[in-house]
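# Observations on the three-dimensional arrangement
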Amino acid sequence: MFDIWWGDINLAVLVPVLSSFILLPVQLLLCFKVESLFFRLFPIGFLGVSGGWFFFLYLNVTGWDGLGYGVFAIGAAFLMFVCALGWGIWGLYLWRRKRHEKI
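This write-up is about the structure you can find in this document. Just so it is clear, the structure is predicted and the values come from calculations on it, not from any experiment. (Residues numbered from 1 in each chain as written. Predicted model: local features only at pLDDT ≥ 70, side-chain atom pairs only at ≥ 80, totals over all residues. Heavy atoms only, no water.)

### As for helix α2 (residues 37-60)
- Here α2 is 24 residues long and its end C-alpha atoms lie 34 Å apart, about the 34 Å a rise of 1.5 Å per residue gives.
- Remark: the principal bend of α2, roughly 40°, maps to Pro43.
- Taken together, the buried positions of α2 are Arg40, Pro43, Leu47, Ser50, Gly51 and Leu57.
- Buried residues along α2 sit in contact with α1 (11-33) and α3 (64-102). (Helix = DSSP H or I, 4+ residues; strand = E, 2+ residues; numbered from the N terminus. Expected span 1.5 Å × (residues − 1). Bend = angle between axes of the 7 residues up to and from the residue. Buried < 20%, exposed > 50% of the residue type's maximum accessible area, 1.4 Å probe, protein only. Contact = heavy atoms within 4.5 Å.)

### Remarks on α3
- If you check α3, its first and last C-alpha atoms are 58 Å apart, about what 39 residues at 1.5 Å a residue would give, namely 57 Å.
- The complete set of buried residues in α3 reads Gly66, Gly70, Ala73, Ala76, Val82, Cys83, Gly86 and Trp90.
- On its buried side, α3 packs onto α1 and α2.

Here it is, written out as structure tokens:
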């Protein structure tokens, strides 16, 4: 379905693995250690802007270049999902901590 190879490396496997082992811990570190909301939201904001830009280019460019921009837009959307997963883990931690403080 999403079969893109770079030499002997399957990029459909490489992107989720790299995002899971790099982006998720970085987002969790930002959520737990950084007080500024701007810096905690920076990765998802940057990915949202770049993903929107790639999607805009995908819609407006003809030929094979549009396919490349579409692949980048899908990659940015997946990385935004990983950031949202980090926010969800942090939210569950806060919810559970508040629940145990009430008891």
